[in-house]
Structure formats: C-alpha cells, structure tokens
Amino acid sequence: RWLQQHECVEKLNMHAILSVSAGQEQLLTELLVTYAKIPVLIGELISVEIWKHKIFPVLCRLEDFKPRSTLPIYWVLHHEASIINLLETVFFYKEICESAEDSILDLIDYCHRKLTLLAARSTNGQTVILLCFPPQELQKQAEAMEFEISLKALSVLRFITDQVESLPLSALTRMLNTHNLPCLLVELVEHCPWSCREAGTFKKFENGTWHVVPPEDQMKMTKLDGQVWLALLNLLLSPECQRKYHFDGFNKSQLLKLRAFLTDVLVDQLPNLVELQRFLSYLAVTEPAPPKKDLVLEQVPVIRDHILKKNGGKWEAIAKYQVKCVFSPTEEDLKLQAQRWAQTYSLDMMEALAPDKPRCSVCGVEAAKRCSRCRNEWYCTR
C-alpha cells in the first residue's frame, strides 16, 4: 500500500513539473486545494524524516538486517525528496500556502531543520548526516539526496515568506523569534554551501549538479543565492516583521554583516536589494524599539510531536517488523516492483501526464506517431 502511495506521489510530482513548464498549473493547484492535500503531503514529509532519523539507524544495527537489495530502502529515502520537490513546485502560489493552514508551522520547522543542516555543512565543509548506512553506495546517495532536499527546503521557505501578510500570526513569530531565521539566512549568505573551491577551480551547485564556474561568471547570482536574498527581503522589510522581530545586539550585528555582500554587482542583478541596503544603513545608526509582545496564545506544530509521542519507545519493534515484512522482499516481489517503476517512468506515462498532447513537427496538429530514431519528434502521418 505504501509503495502505491509513493507511486502516486511520483506521478503527481512529474505532472506538477510538466504542468508548470507548460503554464497550465491552475487545475493542479485547484485540485490540491479543493481536496485539502497539502496538509497530507506535509504530514507524509515529516513522517519520512522521522523514519530516517529514528527507525533507520536502529534497523541498520539489527543483526538480521541483511537486505538482498537496497532498492526498497532507496524508495523510502527518495520519498522525502519527491514530496519536497512537489511542494517546491506548487508553493509559489498563494492559495497553496494558505491551504496548508495549521500544518504550515510544521513545514516551517522542517525547513528550519534542513537549513540548519546546510549551515552545518558550510561550517564543517562537508555534509552532516546523522545516519549510519551499511552499504557505502547507499550512504553516498543519501548524502547527496539530503543536500538537495535541504536546497529544496530553502526554496519552499522563501515561497512561504512571500506570503507574510496572509500567514497566521504564530507562523511569523515562529520564523522570526523561535527559529531566528534572518540570522540563519545570514549564515547561508556568509558561507554559501552551494559553492566551493576544489583543485583550484570554483564550483557552484545548480540544477542538481556541480558546475565549474569560469572567472568571468563567478560574481553572477545563482537561483539559490536569489532565494536567500529574497527571503531576507521578505522577513526584514515587511512592516509586520519589523514590528515583531527583536533587533537586539546579537541580531543587529549579524544582520549588519550583509552590508559586505551587497556590492554594486550584486545589486545590479537584483535591484530590490537597494531597499535592503537602505534598511541596513538605517539599522546601523539607530536602536529599533523592542518588539511588542501582544500574542498571548500561540499555536505550536503538532504533526511531528504527535508521531514522536505515539511511537516513542517503539522504534526497535517497528524496525524489526519492517526488516521482516518490508525490506526483505522475494526475488519475485522485486521483479514485479521493478516492472511497475519502469511503467511509472516510461515515456508513454510521462506523455499521459503531460497537459498537452504531442503535436506534429511539420503541420502542428495532434500527432500519434513518434520518430523511431530520435524518440523526440512527433508526426501525424508516416
């Protein structure tokens, strides 16, 4: 049953990407809002995260854990990446963010945990993974996946900050005061974990891979750089955020570090940063008033706490059950599942999920025949 659900998430993820690329995402967002699926996806995302940190290390220590294939484990690890990718695709839209309702607090906490991992990576120069994978190849895959998941969480957080005016009061308080996200974002600007120097070359991480950046392009802003700066703009320049954020000595000193990075080259690429420059100049010579503590009752995230309380002390029993019933498939089960995944990722399935039918490259009408050589062009006749 869980594998069927994972397949559905994968198909929904592919459909979202294809719909957005074709500019026809309205139907998808309406369905997600109408059927209240965003809180469900957030709950599933946090469940997999807890499994990865609570059950899997126990599972690896069990003597009878000798998997014939690591594919079922990889599916579970990949499930988190699929959900966060789907959320990144749809959270651009205000109605999606609003439909998350109270679960937005859990998503903010999730994003904070991932950004903390990114900051730790940049400080230590390596990925921080709290897991112990037995197969070395699976560990490498998990480390790369954890890094990309954290980058997706950064994008999701930035989209959440775009909707500051319509967020619940508790969400704003949680971002600004509970987690102090502005200072965490300053840490990311300062250390930039998606860029590195290796063997005398400068590399940046973009579109899922590391690229060597020529000297003339090293000052160009990447999408990830832009996400951090836009999130800072949203959190620092909004009147409501300025009223709630505590500009004490530490926070002020951290925020003023940004002035060193706001060069003319950077501001030319993102002109909105001029407003941030002015704000920081004003902050440097003034003492902002302390925030008004007018919130008596505050909502707290419940999804993660509920799962932890419900299953506390049962992690080893769950791990033993999963070793026996989930991660020890027979040869026949593996073949059947591989066939199902081959169908999920087949070209025909992707075309069925695409919002537009393929069209003839010659006359433009709907086409039913694909070129047998390149497998890219379509034709209405032979």
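On a predicted model such as this, the values are computed, not experimentally measured, just so you know.

1. A short note on the side chain of Ser155
Of note, Ser155 is situated in helix α7 (residues 136–162). For Ser155, the side chain forms a polar contact with the side chain of Glu88, separated by 3.1 Å.

2. Some points on a nonpolar patch on the surface
Residues Leu27, Leu31 and Tyr35 make up a contiguous nonpolar surface patch of roughly 340 Å² in combined accessible area. Position of Leu31 among the secondary structure elements: in helix α2 (residues 26–34).

3. Remarks on the environment of Lys11
Locating Lys11 in the fold gives a position in helix α1 (residues 2–21). Exposure remark for Lys11: the relative accessible area of 27% places this residue in the partly exposed category.

4. Side note on the layout of surface pockets
To find leftover empty space, a probe the size of one water molecule is rolled over the atoms. There is about 930 Å³ of room inside the largest pocket. Lining the largest pocket are 31 residues, with Trp2, Trp51, Val76, Gln322 and Val326 sitting closest to its centre. Mapped by element, the contributors of at least two residues to the lining of the largest pocket are α1, α3 (38–61), α4 (71–90), α15 (303–311), α16 (315–325) and α17 (331–344). For the lining of the largest pocket, the residue count by class is 19 nonpolar, seven polar and five charged. Residue lining of the second largest pocket: 26 residues in total, with Asn85, Glu88, Glu148, Lys152 and Gly208 positioned closest to the centre. If you list the elements that add at least two residues to the lining of the second largest pocket, you get α1, α4, α7, β2 (201–206) and α10 (223–237). Ranked by the residues each element gives to the lining of the second largest pocket, the list is headed by α7, at nine residues.

5. Description of the environment of Leu224
Tracing the backbone through its elements, the reader meets Leu224 in helix α10. Counting along the chain gives 70 residues from Leu224 to Leu154, while the straight-line C-alpha distance between them is 8.1 Å. Beyond its immediate chain neighbours, meaning those up to four positions away, Leu224 contacts Leu151, Leu154, Trp194 and Phe205.

6. Notes on the packing of α10 against helix α14 (residues 273–285)
Two elements in contact, α10 and α14, have axes whose closest approach is 10 Å; the angle formed by their N-to-C orientations is 50 degrees. With respect to their mutual orientation, α10 and α14 come out oblique. In the packing of α10 onto α14, the handedness of the crossing is left-handed. Residues Trp229, Leu233, Leu236 and Leu237 of α10 lie in contact with α14, whose contacting residues are Leu273, Glu275, Leu276 and Phe279. Taken together, the residues of the contact of α10 with α14 sort by class into seven nonpolar, no polar and one charged.

Reading the values: the criteria
- Residues numbered from 1 in each chain as written.
- Predicted model: local features only at pLDDT ≥ 70, side-chain atom pairs only at ≥ 80, totals over all residues.
- Heavy atoms only, no water.
- Helix = DSSP H or I, 4+ residues; strand = E, 2+ residues; numbered from the N terminus.
- Polar contact = N/O pair within 3.5 Å; in protein donor to acceptor, adjacent residues only side chain to side chain.
- Patch = residues over 30% accessible without salt bridge, like charges linked within 9 Å, V, L, I, M, F, W, Y side chains within 5 Å.
- Areas by Shrake-Rupley, 256 points an atom, 1.4 Å probe, with all protein chains shown as cover.
- Salt bridge = Lys/Arg side-chain N within 4 Å of Asp/Glu carboxyl O.
- Buried < 20%, exposed > 50% of the residue type's maximum accessible area, 1.4 Å probe, protein only.
- 1 Å grid on protein atoms, 1.4 Å probe; cavity = no way out; pocket = protein on both sides within 12 Å on 5 of 7 lines; lining within 4 Å.
- Points joined across faces, edges and corners; volume = space filled by probe spheres on them.
- Nonpolar A, V, L, I, M, F, W, Y, C, P; charged D, E, K, R; others polar.
- Contact = heavy atoms within 4.5 Å.
- Axes fitted to C-alpha atoms, helices over the stretch in contact; angles between N-to-C directions.
- Parallel < 35°, antiparallel > 145°, perpendicular 65-115°, else oblique.
- Left-handed = near helix turned anticlockwise from the far one by under 90°.

Limitation: the analysis is restricted to geometry and does not speak to function.
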